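The residues making up each chain are set out below.
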Amino acid sequence: MTIENHKKKKKLILKKHFVVLFLLFFIFLSLFSSYNIIRWAIDAKNTEKQIEEIHEIVEIKEITDSTETEIVNPSKEEVKKENPYWDYIKMNLINVDFTNLKEKKNK
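In every chain, residue numbers begin from 1 and rise along the written sequence. Only residues with pLDDT of 70 or above have their local features reported here, since the model is predicted, and side-chain atom pairs are shown and tallied only from 80 upward, although totals for entire chains, interfaces and linings are computed over all residues. Derived side-chain values reflect all non-hydrogen atoms in the structure, with water molecules and hydrogen atoms excluded from consideration.

## With respect to the overall build of the protein
Of the regular secondary structure elements, the protein holds four helices and two strands. Only DSSP runs of H or I reaching four residues or more are called helices, and only runs of E reaching two or more are called strands; each is numbered from the N terminus. Ordered by position from the N terminus, the helices and strands of the protein form the series α-β-α-α-β-α. For every residue, the accessible area obtained with a 1.4 Å probe (protein chains only) is divided by the maximum for its type, and the residue is called buried under 20%, exposed over 50%, and partly exposed between those limits. Expressed as a percentage of its 107 residues, the buried residues of the protein come to 2%. It only takes one pair of heavy atoms within 4.5 Å for two residues to be counted as in contact. Summarising the internal contacts of the protein: among those between residues at least 6 apart in sequence, 81% fall at separations of at least 24.

Okay, here's the thing in structure tokens:
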């Protein structure tokens, strides 16, 4: 066997090892990603169930403006600019009764 043939075989073996390691790495990466996606989906489903339970327990009422409500208007300069603060100010407030939720937590 010549030295050149020996070097070629050695390079082929190194390439095969590299390809195998490369494939193993991506298989591991895909399995790890799949596991995390499944875990995230299960967590999202559990969170959704908890939110539904909270909506059943807690009473939420929207409070509309009354005669005692102080109206705040933006300045002329603020009207021209897009500002989320004024969108927030225009929203109706909510009144939430947390007593039933606190009772459930203490059980």
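## Brief notes about the packing of aromatic side chains
When two rings of Phe, Tyr or Trp (its six-membered ring) have centres within 6.5 Å they constitute a pair, described as stacked for plane angles under 30 degrees, edge-to-face for angles over 60, and tilted for the intermediate range. Applying the stated criterion across every chain, the model contains four aromatic pairs. Judged by centre distance (4.7 Å) and plane angle (70°), the ring pair of phenylalanine 22 and phenylalanine 26 falls under edge-to-face. Here phenylalanine 22 pairs with phenylalanine 26, and both are found in helix H1 (residues 3-57), just four residues apart, close to one helical turn. For the pair phenylalanine 25 and phenylalanine 26, a centre-to-centre distance of 5.2 Å together with 75° between the ring planes defines the contact as edge-to-face. Judged by relative accessible area, which is 39%, phenylalanine 26 ranks as partly exposed.

## Details of the pattern of salt bridges
The salt bridge criterion pairs a side-chain nitrogen of Lys or Arg with a carboxyl oxygen of Asp or Glu, the two atoms within 4 Å. In the structure shown here, the tally under the stated rule is one salt bridge. In this structure, lysine 61 engages glutamate 59 in a salt bridge whose closest nitrogen and oxygen atoms are separated by 3.3 Å. With a relative accessible area of 44%, glutamate 59 lands in the partly exposed category.

## Some words on a nonpolar patch on the surface
In this analysis, a patch consists of residues with relative accessible area above 30% that form no salt bridge, clustered at 9 Å for like charges and at 5 Å for the nonpolar side chains Val, Leu, Ile, Met, Phe, Trp and Tyr. Using a 1.4 Å probe, accessible areas were evaluated by the Shrake-Rupley method; residue-level cover was limited to the displayed protein chains. Residues Phe18, Val19, Val20, Leu21, Phe22, Leu23, Leu24, Phe25, Phe26, Ile27, Leu29 and Leu31 make up a contiguous nonpolar surface patch of roughly 1,200 Å² in combined accessible area. Here leucine 24 lies in helix H1.

## Concerning the packing of H1 against helix H4 (residues 99-106)
One can describe the packing of H1 onto H4 by two numbers: an axis separation of 8 Å at closest approach and a directional angle of 125°. One way to sum up the angle between H1 and H4 is to call them oblique. Contact residues: H1 offers Glu53, Ile54 and Ile57, while H4 offers Asn100, Leu101 and Lys104. Looking at the contact of H1 with H4 residue by residue, the classes come out as three nonpolar, one polar and two charged. Angles shown run from 0 to 180 degrees and are taken between the N-to-C directions of axes, each axis being a line fitted to C-alpha atoms and, for helices, limited to the stretch in contact. Throughout this description, any angle smaller than 35 degrees is read as roughly parallel, any larger than 145 degrees as roughly antiparallel, any in the 65 to 115 degree range as roughly perpendicular, and the remainder as oblique. Any residue outside Ala, Val, Leu, Ile, Met, Phe, Trp, Tyr, Cys, Pro, Asp, Glu, Lys and Arg is labelled polar, Gly included; the first ten of those are nonpolar and the last four are charged.

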